[in-house]
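Now for the letters of each chain:
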Amino acid sequence: MLRTLRAFAWMHWHVLLNSLGRTGARDTLERFSIAMDQLGPIIAAVMLVPSVIVIGALAVYAGYHLAAGNAPAFTLNALRFVALGATTLSVVGPIALPASERTNAVRLLLLPISRKLLYIAQAAGTVSDPWITLMLPVLIGVPAGLVLGGAWMAATLVLCAGALMIAVLIGLSMLTTNAVHLLVRDRRRGEMLALLFIVVIPALGLLPGMLEARGRRHRDGPAVSSRPDANPPTWLRTASARLFEIVPSELYIKGTRAAVEGQLAASPGAALGGLTLTAILIHGFGLIAFSHLLDSPSVSGPRRTGGGTRVWRGTLPGLSASASAVALTQFRLAFRTPRGRSILLSPLLLFLIFIFMIRRSGGTEFSFLMGTNGLRLATFGSFVCLMSILPFAMNQFGIDKSGLTLVLLSPITESELLLGKAVGNAAIVVGPAIICIALAFGVFPGGPASLWLNLPLVLLATYLLTAPAAAALSTIFPRAVDLNSIRRGSNPHGAAALAGIATFVAAGLPPAALTAAAVYLFDRPTLAPLFTLTWCGIAFVMNRLLFILVARLFAKRRENLALSV
Amino acid sequence: MELAVETRGLTRDFGSFRAVDGIDLAVPARSFYGFLGPNGAGKSTTIKCLTGLLRPTSGTMRILGTDPMTDSVSVKRRIGVVPEDLALFERLTAPETLSFVAQVHGLDAATARSRANDLLTVMDLKSAGQALVTDFSHGMRKKLSLAAALIPAPRLLFLDEPFEGIDAVASRQIRELLLSFVSRGGTIFLTSHILEIVERLSTHIGVIASGRLVAQGSIAELRSGTGMGKSLEELFIGLVGAESQTTPPLDWI
């Protein structure tokens, strides 16, 4: 068993070293691009070291003072927070972060190792997960502090609780990883899960705010007497509190406290028993999920058949047939990947929640978005829609993967390709942006018509300058991505994303300034569309000139793109 | 002799590694040219250079009489390619993929629809219907990639391992299709490790080893020139200098 564990540790270590050392970069610019992309994880890894030291020192301090019976409240609360964070991340982390290396079940099946040993070897690998690494100093530090304080018996019990806590965290991580892989084996089911994670879960985060706004309105308004209690019902609160008590991190903290207080027969035993039972249950379920995954490791799910072979195709006005084909393909990509669908849905969902909250609170919530009408809200919503194209626009060649080779083999000029991509990206966000403006106008009408008309022009002017910058950044910083991925795996290159946000802001400033000048300086809102339209003309000329330069850049970098994406 | 592909001193370096080392290809028009070589010999790199995916470090090329470095779009209009990575959009369906290729090649909608229909039938991909390429098996992808290469009715086809991963029935269909393509005046430049197929289909052979072209000509010319055995396998092993390599006994097996 030790030999197997050593082999797995060796393999993980070399995978890490090779990913850092052998980048396969072909020139200086590509080396720079790869180095920038790796900077984030490296900084995170470096940050982990002082974090581990600080948490470890805090744990020793807490243990020492616990032994003396005068531990400051903040120390235990801090440790409780770390333990709760580690528990939460053990569930969320494997969903949000890629863990394909850990669960290449086909490769594992070929090894002459029993399933139980495979499970143990895989589980041992999770100790390197940052959330578990951060928990280790707590689990060692507190008993060490207790030993320093002379509480040997308590230290032994707390050390046992710590070992069980680690076992629970590893079990949670393994169970989540295997459950997620079982779910996403079916591509459609996996896409649904990804979309749920990207769109619905962040939106759920706004629910407490919505409920609070609703509650406040009931308390302040005339409807108070009819619905005196807008808080959750008592049974729900009681159930939540009881459920929280059996969260592993709470069991660990409770066990630590009880061990120190000397209630050897009762609470520490209960807490340790609870942790033991939790660890057994979680690992049991984890092993079942793992075995199930190994039973059928390949992709499952029905293959869609039939449905005819007719395809809609058309040439967009002002575009060549080739550029239209590129634009249409980009547009289709948005509808067929979780990340693309999130670009279409997330801003709209967010916008609807904002409207709901503003209406519920009578305009007191998010007052900065509300004037006497919905203009500010429409501006906010439509810009969020425009910016949501970032993951596509800032990596517009990388997202095509091997489709880019098909494009590069096709008789398409650089200009046609870039124009097609720009139009395709615009087509993805124009629908949600218009819906936001129309909704804001419909729900909160009023204000000068000229300013409502001005808003689409501002968006157009912003996009005209952003599009060539996005193409250039995608050319310089390509990143092979998986648009099925929930988090980092589908993100553009970090440098491209950052520069992209800056470009959006910079490109939006001139039309915003011109609008502000028309409204506040000249006090004539009717001038705003004229000013912005003029700026659109200038931006269009700049767009054409910039695209000529980007086309040259693309021609120089096409080989790197073909080989790196 | 009219040449479909002609190179002079074609060289491609990757850093200090020379993948293709000054090769002079002469692929006759209307021929079925088998481009052979051991793994890592430089076959795919050569195809990438010829199809414009890679820029040669030095040397000249003429594809169907045109220099692809100066007029790549014109060359690409007349060639079809099945590259190593198959080059397909994962999130398009088979009909959409063919529609995309047809549109960028400037085919009108009716012609594109008709040709796509024919190709999907021949490649047995009609049943895939609205399935996305990402759900395709390797064989289906290969057939779709070949269909995409054929839909613009090119005059020259570059095929990088087209028979790898294809079942016997589909392989026979594709062989017949390719022979029909050549008989109608097309030229095929093909790499494959399946020497039996190459021997059966090719009119001309080029052999590359360690980036250098070690032999080129019709199979008959090569046999008479080298006097190295009768089968293509023997000829190939002799040309790449592998006849002296003996397999270690591995007594522990």
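Residues numbered from 1 in each chain as written. Chains lettered and ligands numbered in written order. Predicted model: local features only at pLDDT ≥ 70, side-chain atom pairs only at ≥ 80, totals over all residues. Heavy atoms only, no water.

Draft legend 1. Structural view of the overall build of chain B. Of the regular secondary structure elements, chain B holds nine helices and ten strands. Computed over C-alpha atoms, the radius of gyration of chain B comes to 19 Å, within 12% of the 18 Å expected from 2.2 N^0.38 for 253 residues, which places it in the range of a compact globule. When the backbone C-alpha atoms are referred to their principal axes, chain B occupies close to 55 × 50 × 40 Å. The buried share of chain B, reckoned over its 253 residues, is 55%. Contacts in chain B between residues at least 24 apart in sequence constitute 68% of all its contacts with a sequence separation of at least 6. Element-wise, carbon and sulfur atoms account for 50% of the exposed surface of chain B, whose accessible area totals about 10600 Å². Here chain B carries 26 positive and 27 negative side-chain charges, and the mean point of each set is 6 Å from the other. (Helix = DSSP H or I, 4+ residues; strand = E, 2+ residues; numbered from the N terminus. Rg over C-alpha atoms; globule rule 2.2 N^0.38 Å. Buried < 20%, exposed > 50% of the residue type's maximum accessible area, 1.4 Å probe, protein only. Contact = heavy atoms within 4.5 Å. Areas by Shrake-Rupley, 256 points an atom, 1.4 Å probe, with all protein chains shown as cover. Lys, Arg positive; Asp, Glu negative; His and termini not counted. Charge placed at Lys NZ, Arg CZ, Asp CG, Glu CD.)

Draft legend 2. The arrangement of the overall build of chain A in detail. Secondary structure assignment for chain A yields 21 helices and zero strands. In chain A, buried positions account for 45% of the 565 residues. Taking contacts inside chain A between residues at least 6 apart in sequence as the whole, the part at least 24 apart equals 79%. Put simply, chain A shows about 26900 Å² of open surface, and 71% of that area lies on carbon and sulfur atoms.

Draft legend 3. View of the interface of chain A and chain B. Contacts between chain A and chain B engage 42 residues on the former and 48 residues on the latter. Considering only the surface of chain A that becomes buried against chain B, Arg313, Leu409 and Pro411 of chain A emerge as the three largest contributors, covering 20% of it. On the surface where chain A and chain B come into contact, there are three salt bridges. For Arg336 of chain A, the salt bridge goes to Glu96 of chain B, with nearest N and O atoms at 2.4 Å. (Buried area = accessible area lost by both parts, 1.4 Å probe. Salt bridge = Lys/Arg side-chain N within 4 Å of Asp/Glu carboxyl O.)

Draft legend 4. A look at the packing of helix α3 (residues 94-104) of chain B against helix α5 (residues 138-150) of chain B. Residue and element names in this part refer to chain B. It is at 9 Å that the axes of α3 and α5 come closest, and there the two elements cross at 25°. It follows from the interaxial angle that α3 and α5 lie roughly parallel. Regarding α3 and α5, the two cross each other, and that crossing is right-handed. Taken together, the residues of α5 that come into contact with α3 (itself represented by Ala94, Thr97, Leu98 and Val101) are Leu144, Ala147 and Ala148. Here the contact of α3 with α5 is built from residues that sort into six nonpolar, one polar and no charged. (Axes fitted to C-alpha atoms, helices over the stretch in contact; angles between N-to-C directions. Parallel < 35°, antiparallel > 145°, perpendicular 65-115°, else oblique. Left-handed = near helix turned anticlockwise from the far one by under 90°. Nonpolar A, V, L, I, M, F, W, Y, C, P; charged D, E, K, R; others polar.)

Draft legend 5. Quick look at the nonpolar core. Counting 150 residues, the largest nonpolar core has Phe100 and Phe158 of chain B as the members making the most contacts within it. Of all the elements, helix α19 (residues 449-476) of chain A adds the most residues to this core, at ten residues. For Phe100 of chain B, the contacting residues outside a window of four places in its chain are Ala325, Val326, Thr329, Leu406, Val407 and Ile412 of chain A together with Phe89 of chain B. With 48 residues, the next largest nonpolar core counts Val82, Ala86, Ala121 and Val142 of chain A among its residues. (Core = buried A, V, L, I, M, F, W, Y, C linked by side-chain atoms within 4.5 Å.)

Draft legend 6. A look at the packing of aromatic side chains. Residues and elements named next belong to chain B. For the structure shown, the criterion picks out eleven aromatic pairs over all chains. Measuring from ring centre to ring centre gives 5.0 Å for Phe35 and Phe189, while their planes differ by 40°; the resulting arrangement is tilted. Taken together, the residues span a long stretch of sequence, with Phe35 in strand β4 (residues 32-36) and Phe189 in strand β8 (residues 187-191) at a distance of 154 residues. Given a relative accessible area of 0%, Phe35 falls into the buried group. (Phe/Tyr/Trp six-rings, centres within 6.5 Å; stacked < 30°, edge-to-face > 60°.)

Draft legend 7. Geometry of the side chain of Thr66 of chain B. Residues and elements named next belong to chain B. Inspection of the secondary structure assignment puts Thr66 in the loop between β5 (58-63) and α2 (72-78). Of note is the side chain of Thr66, whose polar atom sits 2.7 Å from the side chain of Arg78. Sequence-distant contacts of Thr66, that is, excluding residues within four places in its chain, are made with Met61, Asp71, Ser74, Val75 and Arg78. (Polar contact = N/O pair within 3.5 Å; in protein donor to acceptor, adjacent residues only side chain to side chain.)

Draft legend 8. Structural detail: unusual backbone geometry. Not every positive phi belongs to a glycine, and Asp523 of chain A is a case in point at roughly 55°. Here Asp523 of chain A is to be found in the loop between α20 (494-521) and α21 (527-564). The phi dihedral of Leu64 of chain B falls on the positive side, at around 50°, and the residue is not glycine. Structurally, Leu64 of chain B can be placed in the loop between β5 and α2.

Draft legend 9. Here's a closer look at the pairing of strand β6 (residues 79-82) of chain B. Residue and element names in this part refer to chain B. Because side chains alternate across β6, one face comprises the buried residues Ile79 and Val81, and the other comprises Gly80 and Val82, equally buried. Inspection of the sheet shows β6 paired to strand β7 (residues 156-160) by four bridges, in the parallel sense. Looking across to β7, one finds that Val82 is bridged to Leu159. (Pairing = 2+ DSSP bridges.)

Draft legend 10. Summary view of the packing of helix α18 (residues 414-443) of chain A against α19 of chain A. Residue and element names in this part refer to chain A. Where α18 contacts α19, the two axes come as close as 11 Å, and the packing angle between them is 155°. One element, α18, and the other, α19, form an angle in the roughly antiparallel class. Viewed along their axes, α18 and α19 form a crossing whose handedness is right-handed. Where α18 abuts α19, its residues Leu418, Ala422, Asn425, Ala426, Ala433, Ile437, Ala440 and Phe441 lie against Trp452, Leu455, Pro456, Leu459, Tyr463, Ala467 and Ala471. Across the contact of α18 with α19, the residue classes tally to 14 nonpolar, one polar and no charged.

Draft legend 11. Fine view of the pattern of salt bridges. Residues and elements named next belong to chain B. Summed over all chains, the structure comprises 14 salt bridges over all chains. Ionic pairing is found between Glu2 and Arg30, a salt bridge with its closest N-O pair at 3.2 Å. On the criterion of sequence distance, the pair formed by Glu2 in the segment before β1 (3-14) and Arg30 in the loop between β3 (26-28) and β4 is long-range, its members being 28 residues apart. Sharing partners across several salt bridges, the network here consists of Asp13, Arg18, Asp21 and Arg212.

Draft legend 12. Examining the confidence of the model for chain B more closely. Overall, the predicted model of chain B reaches an average pLDDT of 90, with 98% of residues at or above 70. Confidence estimates for the predicted assembly give a pTM of 0.79 and an ipTM of 0.89. (pLDDT = per-residue confidence, 0-100.)

Draft legend 13. View of a nonpolar patch on the surface. The grouping of Leu29, Phe32, Met36, Leu39, Ile43 and Met47 of chain A at the surface amounts to a nonpolar patch, some 520 Å² of accessible area in total. Topologically, Ile43 of chain A is positioned in helix α2 (residues 28-68). (Patch = residues over 30% accessible without salt bridge, like charges linked within 9 Å, V, L, I, M, F, W, Y side chains within 5 Å.)

Draft legend 14. Spotlight on the sheet that holds β7 of chain B. Residue and element names in this part refer to chain B. Spatial strand order, β6-β7-β8-β4-β9-β10: six strands in an open sheet with mixed pairing. The outermost strands of the open sheet, each flanked by one partner alone, are β6 and β10 (212-218). Sheet twist, expressed as the average angle between the axes of neighbouring strands with direction ignored, equals 15°. Here β4 pairs with strand β9 (residues 204-209) via four bridges, running parallel. Looking at β9, one finds that Phe35 is bridged to Gly206.

Draft legend 15. Quick look at the side chain of Ser192 of chain B. Residue and element names in this part refer to chain B. Here Ser192 lies in the loop between β8 and α7 (195-201). You can call Ser192 buried: its relative accessible area is 2%. What Ser192 contacts, discounting residues up to four positions off in sequence, is Phe35, Leu36, Glu161 and Val198.

Draft legend 16. Quick peek at the confidence of the model for chain A. Residues and elements named next belong to chain A. Across chain A, pLDDT averages 82, with 83% of residues at or above 70. The lowest-confidence element of chain A is helix α9 (residues 207-220), averaging 58 in pLDDT; the highest-confidence one is α19, averaging 96. Predicted confidence for residues 222-229 stays below pLDDT 50, and this span has five contacts to residues more than four positions away or in other chains.

Draft legend 17. Expanded view of the environment of Phe331 of chain A. All names here are of chain A. When you line up the elements, Phe331 lands in helix α13 (residues 321-335). Its relative accessible area of 28% is what places Phe331 among the partly exposed residues. For Phe331 and Ile428, which are 97 residues apart along the polypeptide, the C-alpha to C-alpha distance reads 5.9 Å. Excluding residues that lie within four positions of it along the chain, Phe331 makes contacts with Gly424, Ala427 and Ile428.

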